[in-house]
Amino acid sequence: DSDIRIWVDGNIEMPNLNVLLKEFMHSNALIALAEHPERISLKDELKACLIHSKINLKEYFNIKSFLALKEDNLNNLCQSGVMIRRKSKELDLVFNNLLELLSNHAPRDQIFIRALLNDFNIPTMLYSLEEYSINISSHKVSFIYKVKKKIVFYLYSFIFKIKLL
């Protein structure tokens with residue numbers, strides 16, 4: 001259990017993460033997230049998710065009804081590909097609520113996390129992706145690669161089960 005936790009999506013590389021970490025450590029923020037590079041509104045992000053087939057129509061209306069109860073001050077949409085956070089009971093509540101929203105509505109964390117951070121009045125550091133650039137690799141992998149990963153996963157699972165006996 002550490003005082004600072006860092007999350008980096010598996011397909012992201014941030015060359016100057018150490019500089020961002022130092023800046024975060026000198027801030028009063030409980031969490032650091034990237035500003036969204038294209039949109040600033042939760043509602044605009046919701047529309048983009050539908051247009052780009054990240055959600056279906058049922059999920060769209062489900063999330064829209066959730067957002068109708070939220071304040072959207074049009075200046076704080078974020079991306080959650082690289083997050084730095086402090087150990088905090090308030091943030092633990094935010095992330096517990098986030099898991100519940102993801103399972104009940106749709107797997108679109110960048111919509112829900114911003115709404116929750118606003119609800120809980122969490123001091124947030126939004127950093128610019130122009131200043132702290134990221135490299136994103138494709139999530140798409142070959143069928144053979146997926147099969148190899150599953151075989152390795154099951155092999156390790158089997159070995160782990162044997163060691164527990």
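Scroll up a little and you will see the structure.
Trainee: Just to check I follow, could you spell out the overall build of the protein chain for this structure?
Mentor: On a plain count of helices and strands, the protein chain comes out with 6 helices and 6 strands. Listing each helix as α and each strand as β along the protein chain from the N terminus yields β-β-α-β-α-α-β-α-α-β-β-α. Within the protein chain, the proportion of its 165 residues that are buried is 35%. For the protein chain, long-range pairs separated by at least 24 residues make up 80% of all intrachain contacts whose partners lie at least 6 apart in sequence. Entry remark: accessible area of the protein chain is about 11000 Å², with carbon and sulfur atoms responsible for 57%.

Trainee: Looking at this model, I keep getting lost on the pattern of salt bridges. Mind explaining?
Mentor: A side chain of one charge can pair with a side chain of the opposite charge if their charged atoms are brought near each other. Within the structure shown, the criterion is met by 2 salt bridges. The salt bridge involving Asp-92 is made with Arg-5; its shortest N-O contact spans 3.6 Å. Taken together, the residues span a long stretch of sequence, with Asp-92 in helix H4 (residues 89-104) and Arg-5 in strand E1 (residues 4-8) at a distance of 87 residues. In this structure Arg-5 comes out as partly exposed when scored by relative accessible area, which is 26%. Between Arg-85 and Asp-92 there is a salt bridge; the shortest N-O distance is 2.8 Å. A relative accessible area of 31% means that Asp-92 is categorised as partly exposed. Here the salt bridges do not stand alone but share partners, grouping Arg-5, Arg-85 and Asp-92 into one network.

Trainee: Help me understand the packing of H4 against helix H5 (residues 109-119) in this model?
Mentor: The relative placement of two packed helices is expressed as an angle between their axes plus a distance between the axes. Relative orientation of the contacting elements H4 and H5 amounts to 140°, with a least axis distance of 10 Å. Between H4 and H5, the interaxial angle falls into the category oblique. Seen along the crossing, H4 lies across H5 with a hand that is right-handed. For the pair formed by H4 and H5, the contact residues are Leu-91, Val-94, Phe-95, Asn-97, Leu-98, Leu-101 and Leu-102 on the first element and Asp-109, Phe-112, Ile-113, Leu-116 and Leu-117 on the second. Residue classes in the contact of H4 with H5 are distributed as 10 nonpolar, 1 polar and 1 charged.

Trainee: Sorry, what's going on with the nonpolar core here?
Mentor: In a soluble, globular protein the nonpolar side chains are often hidden away together inside. By size, the foremost hydrophobic cluster in this structure holds 27 residues, and its most contacted members are Ile-31, Ile-63, Phe-95, Ile-113 and Leu-117. Residue assignment for this core shows that the elements contributing at least two residues are strand E3 (31-35), helix H2 (42-51), helix H3 (57-67), strand E4 (78-86), H4 and H5. Here the element with the most residues in this core is H5; it accounts for 6 residues. Setting aside its immediate chain neighbours within four residues, Ile-113 contacts Leu-33, Cys-78, Met-83, Phe-95 and Leu-98.

Trainee: What exactly am I supposed to notice about unusual backbone geometry here?
Mentor: Of note in the backbone geometry, Ser-53 takes a positive phi value of approximately 60° without being a glycine. By secondary structure assignment, the location of Ser-53 is in the loop between H2 and H3. For Ser-53, a relative accessible area of 62% corresponds to the exposed category. In this structure, Asn-121 is a non-glycine residue whose phi angle is positive, near 50°.

Trainee: How should H5 be read in this particular structure?
Mentor: Count 3.6 residues to each turn of an α-helix, and residues three or four apart come out pointing the same way. Of all 11 residues that make up H5, 8 are buried, and the element is covered over most of its length. Those residues of H5 not exposed but buried are Gln-110, Ile-111, Phe-112, Ile-113, Arg-114, Ala-115, Leu-116 and Leu-117. Those residues of H5 that are buried are in contact with E3, H2, H3, E4, H4 and strand E5 (124-127). Just past H5, the residue Asn-121 takes up positive phi, approximately 50°.

Trainee: I tried to follow a nonpolar patch on the surface on my own but got confused; where do I start?
Mentor: Nonpolar side chains collect at one region of the surface, where Phe-143, Ile-144, Val-147 and Ile-151 lie side by side and expose about 440 Å² of accessible area between them. With respect to the secondary-structure elements, Phe-143 resides in helix H6 (residues 143-164).

Rules used in this analysis
- Per-chain numbering applies: the sequence of each chain, read as written, is numbered from 1 onward.
- Totals for whole chains, interfaces and linings use all residues, but because this is a predicted model, local features are given only for residues with pLDDT of at least 70 and pairs of side-chain atoms are given and counted only at 80 or more.
- Each side-chain value is derived from all of the structure's non-hydrogen atoms; neither hydrogens nor water enter the calculation.
- For the purposes of this entry, the term helix denotes a DSSP run of H or I that reaches at least four residues, the term strand denotes a run of E that reaches at least two, and both are numbered from the N terminus.
- Relative accessible area decides the class of each residue, using a 1.4 Å probe on protein chains only: under 20% of the type maximum gives buried, over 50% gives exposed, and in between gives partly exposed.
- Should any heavy atoms of two residues lie within 4.5 Å, those residues are counted as being in contact.
- In these tables, accessible area is a Shrake-Rupley quantity obtained with a 1.4 Å probe, and a residue counts as shielded only by the protein chains included in the view.
- In the sections that follow, a salt bridge refers to a side-chain nitrogen of Lys or Arg positioned within 4 Å of a carboxyl oxygen of Asp or Glu.
- Axes, fitted as lines to C-alpha atoms, cover a helix only where it is in contact. Angles between the N-to-C directions of the axes lie from 0 to 180 degrees.
- Should an angle fall under 35 degrees it is taken as roughly parallel, and over 145 as roughly antiparallel, whereas 65 to 115 is taken as roughly perpendicular and any remaining angle as oblique.
- Each crossing gets its hand from how the near helix is turned against the far one by less than a right angle, where anticlockwise is left-handed and clockwise is right-handed.
- Classification convention: Asp, Glu, Lys, Arg as charged; Ala, Val, Leu, Ile, Met, Phe, Trp, Tyr, Cys, Pro as nonpolar; all other residues, Gly among them, as polar.
- What we call a nonpolar core is a set of buried Ala, Val, Leu, Ile, Met, Phe, Trp, Tyr and Cys residues that are connected through their side-chain atoms within 4.5 Å.
- Patch rule: a residue counts if its relative accessible area is over 30% and it has no salt bridge; like charges are joined within 9 Å, and nonpolar side chains (Val, Leu, Ile, Met, Phe, Trp, Tyr) within 5 Å.

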